Amino acid sequence: MMAAALMTTSCVGSFQLTHRLAQWNKSATKERFLNEIIFLLISPAYPVCAVADALVLNTMEFWSGSNPLADRVGTKRTVLGQDGRYYAVTTKRYGYEVKTPEGETIRFAYDKKTDSWSQQQRGKKTEIFRFNPDGTIQASLQDGRTIRVTPDAAGLFETRMAMHGADLSMGY
């Protein structure tokens, strides 16, 4: 946990997705034993939500100042980008639509069938990452390579290294 804390650049975030799952679980019924059974049945969803929070949503929260899950469908916000320019972000049912200062629209969407997030820009759809059935995450890098990582501090480190050009097949 210490290594994860050091590598996440103080981006703790609010873990809204994981929190919402827990809140739903607690309020699913008024019977506490039934809630426990429901918890046991959906418990595999908790680590998936935590990873999505840690790798995507909390990072968005860190840079924008608010968690995207705090928004309702149709909510529009103006977000200051890392480049110092403002972007219009609209919350959609299965993702987000971002309008650049030049007026270009970029869509980020979750596909439940493939358990993946993708980006659509200029008519081209590109998968960003997907959750694999074995618990790993397949991340698509900007140079066209894909890497398979574990949803933990080591996987986060490998992803960051690969994004900066490291060839992980050589044991770095």
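Draft legend 1. Inspection of the sheet that holds strand β4 (residues 105–111) at higher detail. Spatially, the eight strands line up as an open sheet ordered β1-β2-β3-β4-β5-β6-β7-β8, and their pairing is antiparallel. This sheet does not close on itself; its edge strands, each paired only once, are β1 (76–80) and β8 (146–149). Neighbour to neighbour, the strand axes of the sheet diverge by 25° on average, direction disregarded. Of the strand pairs in this sheet, strand β3 (residues 95–99) and β4 are connected by five bridges, and their pairing is antiparallel.

Draft legend 2. Examining the confidence of the model for the protein more closely. With 78% of its residues at a pLDDT of 70 or more, the protein shows a mean pLDDT of 75. Element-level pLDDT for the protein is lowest in helix α1 (residues 2–7), with a mean of 43, against a maximum mean of 87 in β8.

Draft legend 3. Examining the packing of aromatic side chains more closely. Per the stated rule, a full pass over the model turns up three aromatic pairs. Ring geometry for Y110 versus W117: centroids 5.7 Å apart, planes at 50°, classification tilted. What makes W117 buried here is its relative accessible area of 19%. Considering the side-chain rings of F129 and F131, the 5.4 Å spacing of their centres and the 85° angle between planes classify their relative orientation as edge-to-face. Each member of the aromatic cluster is reached from another via a ring pair, and the members are Y96, Y110 and W117.

Draft legend 4. Inspection of the pattern of salt bridges at higher detail. The tally for this structure, following the rule as stated, stands at six salt bridges. The partner of E97 in a salt bridge is R107, and the shortest N-O contact between them spans 3.1 Å. Of the two residues, E97 sits in strand β3 while R107 sits in strand β4, which places them 10 residues apart along the sequence. Here R130 makes a salt bridge to E127, at a shortest N to O gap of 2.5 Å. Residue R130 is classed as partly exposed on the basis of its relative accessible area of 25%. E127 gets classed as partly exposed once you look at its relative accessible area, which sits at 22%.

Draft legend 5. Representation of unusual backbone geometry. Residue D115 is not a glycine yet carries a positive backbone phi of 55°. Among the residues examined, D115 registers a relative accessible area of 23% and is labelled partly exposed. Even without being glycine, R122 reaches a positive phi, approximately 55°. On the secondary structure map, R122 appears in the loop between β5 (116–121) and β6 (124–131). The exposure class assigned to R122 is exposed, which follows from its relative accessible area of 69%.

About the thresholds
- Residues numbered from 1 in each chain as written.
- Predicted model: local features only at pLDDT ≥ 70, side-chain atom pairs only at ≥ 80, totals over all residues.
- Heavy atoms only, no water.
- Pairing = 2+ DSSP bridges.
- Helix = DSSP H or I, 4+ residues; strand = E, 2+ residues; numbered from the N terminus.
- Axes fitted to C-alpha atoms, helices over the stretch in contact; angles between N-to-C directions.
- pLDDT = per-residue confidence, 0-100.
- Phe/Tyr/Trp six-rings, centres within 6.5 Å; stacked < 30°, edge-to-face > 60°.
- Buried < 20%, exposed > 50% of the residue type's maximum accessible area, 1.4 Å probe, protein only.
- Salt bridge = Lys/Arg side-chain N within 4 Å of Asp/Glu carboxyl O.

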